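# Per-entry structural report
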Amino acid sequence: MHNIGIDKRGDDSMATTPTQVRIDSDVKAAATQLFSSLGLDMSGAVNMFLHQCVLRGGLPFAVEMPQYSQKTLDAMAEARRISSDASVKGYDSMADLKAALDE
């Protein structure tokens, strides 16, 4: 059995090493918000991830390319087109959308 996080002093404190990683700013912001809602900070979440990698002897999840159907790819392309088209009417609330549908 491995005692991950126990240093040579035998107590519960961990010896830590500062580490820098480059992370996309949007991904970092979204992850920070998610981790905060789970009661974690970035350091705690990264440590948890690394512990799981060590315990499992690899990544703790499957890494694979998504296999989308052509219908799904077409729908995604249409959604991108619609979202960037200024002439497409948008709605600020579900009530506004329902009112427009009832017209």
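Residues numbered from 1 in each chain as written. Predicted model: local features only at pLDDT ≥ 70, side-chain atom pairs only at ≥ 80, totals over all residues. Heavy atoms only, no water.

Quick look at the overall build of the chain now. For the chain, the count of helices and strands is four helices and zero strands. Going from the N terminus to the C terminus, the chain shows its helices and strands as α-α-α-α. Looking at the chain as a whole, 5% of its 103 residues are labelled buried. Summing over all exposed atoms, the chain offers an accessible surface of approximately 9500 Å²; the carbon and sulfur share of this is 56%. (Helix = DSSP H or I, 4+ residues; strand = E, 2+ residues; numbered from the N terminus. Buried < 20%, exposed > 50% of the residue type's maximum accessible area, 1.4 Å probe, protein only. Areas by Shrake-Rupley, 256 points an atom, 1.4 Å probe, with all protein chains shown as cover.)

In this section: the environment of Ala 45. Tracing the chain through its elements places Ala 45 in helix α2 (residues 42-56). Relative accessible area serves as the criterion here: at 11%, Ala 45 is assigned to the buried category. Here the alpha-carbon distance between Ala 45 and Thr 32, two residues 13 residues apart in the chain, equals 9.3 Å. Leave out the neighbours within four places in its chain, and Ala 45 touches Phe 35 and Leu 40. (Contact = heavy atoms within 4.5 Å.)

Before going further, it helps to examine a nonpolar patch on the surface. Where nonpolar side chains cluster on the molecular surface, the patch consists of Val 46, Phe 49, Leu 50, Leu 59, Phe 61 and Val 63 and spans about 550 Å² of accessible area. Residue position: Leu 59 is located in the loop between α2 and α3 (70-83). (Patch = residues over 30% accessible without salt bridge, like charges linked within 9 Å, V, L, I, M, F, W, Y side chains within 5 Å. Salt bridge = Lys/Arg side-chain N within 4 Å of Asp/Glu carboxyl O.)

Moving on, we come to the environment of Ser 69. Along the chain, the position of Ser 69 falls in the loop between α2 and α3. Overall, the relative accessible area of 37% leaves Ser 69 in the partly exposed class. At 3.1 Å, the side chain of Ser 69 and the side chain of Thr 72 are in polar contact. (Polar contact = N/O pair within 3.5 Å; in protein donor to acceptor, adjacent residues only side chain to side chain.)

For α2, spanning 15 residues, the distance from its first C-alpha to its last is 21 Å, which sits close to the expected 21 Å at 1.5 Å a residue. Remark: Gly 57 follows α2 within two positions and exhibits a positive phi of approximately 70°. (Expected span 1.5 Å × (residues − 1).)

Right, let's talk about the confidence of the model for the chain for a bit. Put simply, the chain has an average pLDDT of 87, and 86% of its residues get 70 or more. Throughout residues 1-11 the model reports pLDDT below 50, and contacts reaching past four residues in sequence, or to other chains, amount to 11 contacts. (pLDDT = per-residue confidence, 0-100.)

Here we come to the environment of Tyr 91. Examined against the element boundaries, Tyr 91 turns out to sit in the loop between α3 and α4 (94-102). Given a relative accessible area of 37%, Tyr 91 falls into the partly exposed group. Setting aside its immediate chain neighbours within four residues, Tyr 91 contacts Asp 96, Leu 97 and Ala 100.

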